[in-house]
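Structural description and commentary
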There are 4 protein chains.
Amino acid sequence: MAGNSFGNHFVISTFGESHGAAIGGMIDGCPAGISINMSDIQAELDRRRPGQSHLTTSRNEADTVEILSGIFEGVTTGAPIGFIIRNNDQKSSDYGHLKDTFRPSHADFTWESKYGIRDYRGGGRSSARETACRVVAGSIAKAFLAMHGIEVSAWVNRVQSIEMPEGKDWYSSTEIESSLVRCPHPDTATAMENLIASTKEKGDTVGGSIRAVARGMKVGLGQPVFHKLHADIASAMMSINAVKGFEYGSGIAGTYRNGSEENDGFAEIDGKITTLTNRSGGIQGGISNGAPIVCTVHFKPVATIMKDQQTVNKDGETVNLVGKGRHDACVLPRAVPIVESMLALTLADQLLKMRSDKVL
Amino acid sequence: MAGNSFGNHFVISTFGESHGAAIGGMIDGCPAGISINMSDIQAELDRRRPGQSHLTTSRNEADTVEILSGIFEGVTTGAPIGFIIRNNDQKSSDYGHLKDTFRPSHADFTWESKYGIRDYRGGGRSSARETACRVVAGSIAKAFLAMHGIEVSAWVNRVQSIEMPEGKDWYSSTEIESSLVRCPHPDTATAMENLIASTKEKGDTVGGSIRAVARGMKVGLGQPVFHKLHADIASAMMSINAVKGFEYGSGIAGTYRNGSEENDGFAEIDGKITTLTNRSGGIQGGISNGAPIVCTVHFKPVATIMKDQQTVNKDGETVNLVGKGRHDACVLPRAVPIVESMLALTLADQLLKMRSDKVL
Amino acid sequence: MAGNSFGNHFVISTFGESHGAAIGGMIDGCPAGISINMSDIQAELDRRRPGQSHLTTSRNEADTVEILSGIFEGVTTGAPIGFIIRNNDQKSSDYGHLKDTFRPSHADFTWESKYGIRDYRGGGRSSARETACRVVAGSIAKAFLAMHGIEVSAWVNRVQSIEMPEGKDWYSSTEIESSLVRCPHPDTATAMENLIASTKEKGDTVGGSIRAVARGMKVGLGQPVFHKLHADIASAMMSINAVKGFEYGSGIAGTYRNGSEENDGFAEIDGKITTLTNRSGGIQGGISNGAPIVCTVHFKPVATIMKDQQTVNKDGETVNLVGKGRHDACVLPRAVPIVESMLALTLADQLLKMRSDKVL
Amino acid sequence: MAGNSFGNHFVISTFGESHGAAIGGMIDGCPAGISINMSDIQAELDRRRPGQSHLTTSRNEADTVEILSGIFEGVTTGAPIGFIIRNNDQKSSDYGHLKDTFRPSHADFTWESKYGIRDYRGGGRSSARETACRVVAGSIAKAFLAMHGIEVSAWVNRVQSIEMPEGKDWYSSTEIESSLVRCPHPDTATAMENLIASTKEKGDTVGGSIRAVARGMKVGLGQPVFHKLHADIASAMMSINAVKGFEYGSGIAGTYRNGSEENDGFAEIDGKITTLTNRSGGIQGGISNGAPIVCTVHFKPVATIMKDQQTVNKDGETVNLVGKGRHDACVLPRAVPIVESMLALTLADQLLKMRSDKVL
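First things first, this report covers the structure right here in the doc. This structure is a prediction, so every number in the text was calculated from the model and none was measured.

Criteria and thresholds
Residues numbered from 1 in each chain as written. Chains lettered and ligands numbered in written order. Predicted model: local features only at pLDDT ≥ 70, side-chain atom pairs only at ≥ 80, totals over all residues. Heavy atoms only, no water. Helix = DSSP H or I, 4+ residues; strand = E, 2+ residues; numbered from the N terminus. Rg over C-alpha atoms; globule rule 2.2 N^0.38 Å. Buried < 20%, exposed > 50% of the residue type's maximum accessible area, 1.4 Å probe, protein only. Contact = heavy atoms within 4.5 Å. Areas by Shrake-Rupley, 256 points an atom, 1.4 Å probe, with all protein chains shown as cover. Lys, Arg positive; Asp, Glu negative; His and termini not counted. Charge placed at Lys NZ, Arg CZ, Asp CG, Glu CD. Least-squares fit on C-alpha atoms with pLDDT ≥ 70 in both. Buried area = accessible area lost by both parts, 1.4 Å probe. Salt bridge = Lys/Arg side-chain N within 4 Å of Asp/Glu carboxyl O. Nonpolar A, V, L, I, M, F, W, Y, C, P; charged D, E, K, R; others polar. Polar contact = N/O pair within 3.5 Å; in protein donor to acceptor, adjacent residues only side chain to side chain. Pairing = 2+ DSSP bridges. Axes fitted to C-alpha atoms, helices over the stretch in contact; angles between N-to-C directions. Parallel < 35°, antiparallel > 145°, perpendicular 65-115°, else oblique.

1. A short note on the overall build of chain A
Within chain A, the regular secondary structure consists of nine helices and 18 strands. A compact globule built from 360 residues would reach a C-alpha radius of gyration of about 21 Å, and chain A, at 21 Å, matches this within 12%. Projecting the C-alpha coordinates of chain A onto the three principal axes gives extents of approximately 65 × 50 × 35 Å. Residues classed as buried in chain A amount to 69% of the 360 residues present. In chain A, 70% of the contacts between residues at least 6 apart in sequence involve partners at least 24 apart. Taken as a whole, chain A presents about 10,600 Å² of accessible surface, with 48% of it coming from carbon and sulfur. With 37 positive and 40 negative side-chain charges, chain A shows a spacing of 3 Å between the two charge centroids.

2. Examining the relation of the copies chain B and chain C
Here chain B sits on chain C after a turn of 180° about the axis and a move of 0.0 Å along it, with an RMSD of 0.0 Å. Here the two chains are linked by the operation of a two-fold rotation axis. In this assembly the copies share their binding face: 100% of the residues contributing to the interface of chain B also contribute to that of chain C.

3. With respect to the interface of chain B and chain C
The interface is formed by 40 residues belonging to chain B together with 40 residues belonging to chain C. Taken together, the two surfaces of chain B and chain C that pack against each other cover about 3,000 Å², and 63% of this comes from carbon and sulfur. For chain B, the biggest contributors to the area lost against chain C are Phe 15, Leu 68 and Phe 72 of chain B; these three give 21% of the whole. Linking chain B with chain C are two salt bridges. The shortest N-O distance in the salt bridge between Glu 66 of chain B and Arg 86 of chain C comes to 2.8 Å. Within the residue set of the side of chain B that touches chain C, elements represented by two or more residues are β2 (11-15), β3 (22-28), β6 (75-76), β7 (81-86) and α2 (108-115) of chain B. For the side of chain B that touches chain C, a count of residues per class yields 18 nonpolar, 14 polar and eight charged.

4. Digging into the interface of chain D and chain C
Facing 108 residues of chain D, the contacting portion of chain C comprises 108 residues. Connecting chain D to chain C are four salt bridges. Inspection of the chain D/chain C interface yields 45 residue pairs in polar contact (both at pLDDT 80 or more). Residue composition of the side of chain D that touches chain C, grouped by class: 36 nonpolar, 47 polar and 25 charged. Across three bridges, strand β11 (residues 243-248) of chain C lies against strand β11 (residues 243-248) of chain D in antiparallel orientation. When the sheet's bridge partners are listed, Gly 245 of chain C is paired in β11 of chain D with Glu 247 of chain D.

5. Considering the packing of helix α1 (residues 38-48) of chain A against helix α9 (residues 332-354) of chain A
All names here are of chain A. Between α1 and α9, whose axes approach to 7 Å, the crossing angle comes to 140°. As summarised for this structure, α1 and α9 are arranged oblique, according to the angle between their axes. Residues Glu 44, Arg 47 and Arg 48 of α1 lie in contact with α9, whose contacting residues are Pro 333, Arg 334, Val 336, Pro 337, Ile 338 and Glu 340. Class assignment of the residues belonging to the contact of α1 with α9 gives a composition of four nonpolar, no polar and five charged.

6. A look at the sheet that holds strand β9 (residues 162-163) of chain A
Strands sit in the order β9(A)-β8(A)-β10(A)-β16(A)-β11(A)-β11(B)-β16(B)-β10(B)-β8(B)-β9(B) across an open sheet of 10 strands; the sheet is antiparallel. Two strands in the sheet have a free side with no partner beyond their single neighbour: β9 of chain A together with β9 (162-163) of chain B. Looking at chain direction, strand β8 (residues 151-159) of chain B and β9 of chain B are connected through two bridges and run antiparallel. Following the sheet pairing, Arg 158 of chain B is matched in β9 of chain B by Glu 163 of chain B.

7. Concerning the relation of the copies chain D and chain C
After a rotation of 180° and a shift along the axis of 0.0 Å, chain D superposes on chain C with an RMSD of 0.0 Å. Most of the interface of chain D is mirrored in chain C, where 100% of its interface residues again form contacts.

Shown next as structure tokens:
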């Protein structure tokens, strides 16, 4: 198990700590022949980067990616795509007081216990900074999917208990990007922004959920047993920092209904067999059925709060942890491109696997 | 991606169709030196087998496992453990009418589209019959975990909207097995049983959720980034037939709270650093912290109902699907050992991986 | 690392000990739509089975394979293909004296040390009996390759120092099967048979080499760096019991020549770019170039001899090991289908991987 | 199959083209707690780098590695170790004439056919420049092995037909490094150097073989069936550019002997069970027996020669390829650290896997 790799055919591997020299990674198995627009990758990184609005952390990481290999004259060559993002705006001094202290609901204690050593600066490897690498790889996965007519999107559909009404199953980038909070329902977006701002003022944090969708799906992605498409998507999403729950299609709400209410009947429409409803979230028996993939990813509130908390240090001594540093009161707006990336990476991986389904 | 394998160190692979000659599988990577009690394995299989009560399908599969290798004089040898379970009580004639018909919310359509061929009898490979193999492997994983003081348990905590009150974080086997529905809260169990019975009478089906717990945990299981312990558990659980949602620790409910309410503070108790609460469900930064692992797995209602449904056949012609055959109105009671098995398999896999964390 | 699996796309996994209930395995990733002729599989098994001639061991294992899944109405379905071969003619009593004794150049000592327990009967898991499973899987891989015009063949080209003259780069099955020793050069075959017979009489054993060839190759199989086609073939061949060396193309002999003598120049012939010579053995930069794949696999003499040998038991006490039992004086004739199978499995695996090379 | 990764527990992945911005890679699964001396890594890179003597290419790549992650205050943390080596002394203009031409016995034709695109400059990804990354990772693997008492060494034992006499099974770094050609037998070294120099003058190239040894071995590394220790080593070695053959222990020579001559008898010496001879090369049944691992790796002559050769271009037109550029007449001296690295990486991988053999 290479803990820092995801996928089996379209494989992303990442390395790097929050306050080390650089974070980076590589994609292995990316097919040759994909035109890559560097500004598209950078645009996605910019959606994830800190400091993009008053709602997010004031850390200001430019997050400029340098592609080192695998793309020649703007086109993927089939060789692995290596890339790095230098760490620039580290204030490691912000973290000196954390060297021996275990922050509540952070990875400090488990990492220290597991490895006997850790780079404590900014959370080290456990920092969500690592997800910038996923966004780089996700951008390339999106370009690959686009060649097959598959589009991926995500938006914030809930912050704490402020939830947008069930509406369309697809929103344009313009609709999503029109609010700082990346919720395509303007009234809900405003309420979310207000909640985040007031929570930030109190030094506290909030969670919520992100809805992710893929449309233009082909039938047949996913493996029947242990690599069901939704199992792989769940694995992808649960690997994102702070995610506590995952559901797809009608999700948990659907488990409160009867089979007769929940089943998706088939019909032939325009010469194509399709489901009349999409409670299955585009996946039946672990395999995509051509309908949009729909899933919801739930994030806990950020563990770093600007309030004092009681905890212990390495020696088990009680420590009063004073909240300081530059942190998000709500990660969801910045997590949108990460969720999209993980969905795109999973689909790209299964799209390649699918090529082996049948004799040609 | 070997779609029919799970795990990287303690690896379970399965094969077999519902109405083929046999289902079976193998465990690769099981350490040498585990004493295996064959009657323990059979007892677990009996908890999963159909026909065990009036609440479940009347299909009566004895599900007798034959271990073919890897165990010598009652002890694992380090060689792969191969096993088969013969299919005996198949009534393939029950399924002839399904040869060309796509049942709603089943894998018929996706499988046919993906592979161009399928063993339609009893759902073939997409049948939940496959999970009997997971229970065999899970029993062996449990024996391995037990040698490290880790115990796994699960119970039905909700059927449709009948949910047991939040109570203890561990129930004994006796408490769980005291009701047919495997809910350790007697009043709730009775209500669940009544609901399942009345639903069955109507030819309909219900879903619900199973809570799974591991106690006696060590600190340090899980990988930091893509193989976070909860990501692997999610992948394991979502691969079980009919699962639509997964959450761990305080789960989705916790995402409605503030960081200051949700964080688990540390304290030293009896010379051991521990969390005062367990909203993290025993996992922080993807790595176990020694507290019990707690997760909840949500199952949709069974797709096979005894009511007529409209659907299409291969040619896209509308077909009236008449409900018949022998099926469960609620799979949750029988799914309990499957959920336990997937948790045990994931923990066994990560327990072995953990041996590589540090230089010795 | 699942030690008992080979391949990443077309994956063979095996289990079983020489004297357990059965050996068996599964193929995961076999594409749907391959017509399988059961008698073809059995015919290959018969080429490997003991007791087929006076030259081989007198053990008489019928080696009847039972396919348990993954093939429906004679065609592969994309589901994993599980199979078993029951062990029938075990004379475990032949092995009782080996329980505590480490046979020279066998796996007894290393296995005992590694696992602390072993099934000593007939070598247990370390027995070459396991290779029967590879032949089953190899037969299916051959059927898949045949649909792409690729054929695999192998023959004995050397027994000890009796080597057939360099001749054709392909021999028909008829030519190869015309001698008991599976050498297509009749005079050499006779000499080999005489050597084996006389060696057997002396209670000794001989090794030699097998040449394997694949023709009808496509350009493009193989990965550039760590999974070069010849690296995967080497891994496959070296995993066969008793193999001590591997070379491909002009092999080691070619390393005695100058670059100017060894290079394969290109030319266009009949509108197709091709090499004028094939010192590269059909592989350049780790990727097939369309010319026949040619490799040579070297087997040491069988370790079990009918002569007395001095060794030690578990307690380190000197033991006189008396040669007895039923063993081959030379495994090469029976190893031919095993070598073919490993080549076929490697090519099937890379043929599937190759489908991901480019965007379509 | 991640074609650019090697290993399953101690996993090295590499990226980068000869004339791109940088080459690099990452190690995933390196245990925490290894002290890393940066100058040791650099020293190994210097043994591989071009321009180190008049015998090698005059290209002068400083090959300075920058470690980006996974090492904190000089010690591995368990996090992935990312690193890059910038490409500095590229003269891409040297390669413009190769854009459309397929060099004999190079990867140009196969790569072009496979991917439809290639970075032709300096061989791109197929260049042996990639192996610098293996040397970085190999240095870290060596540091890990050293903590377990395992040492790895290699030397040139044959250039074309000039072979050093069979002698010791271990040579010190001083003995090996005392000649430019890295052959520890001074007379042979001189003859080799003369042959390389004279061959270079003629614009031709030579191959030969490298012997690699690991001592201080533990018993028990290796998996019984498909991941036999020597199968993994073979896979590792055959993945090095220009390698055509592999053998271990007594190797191919041993296949000319009888079983009675070839078997390694056991004896107890100083309370330790050990073999009296080491024809098995330290591996029995695929598992290390504690004796030194010994293997021999055969390299073909470099394909790039300074002589004119006839070949074709993309359009199949005959082209006269004029030899030019800066190339080695013999890669063996520079390949020594690469061979050592691949052996070290394989052993590190299996040493970690071995921790899962038994219940503790």
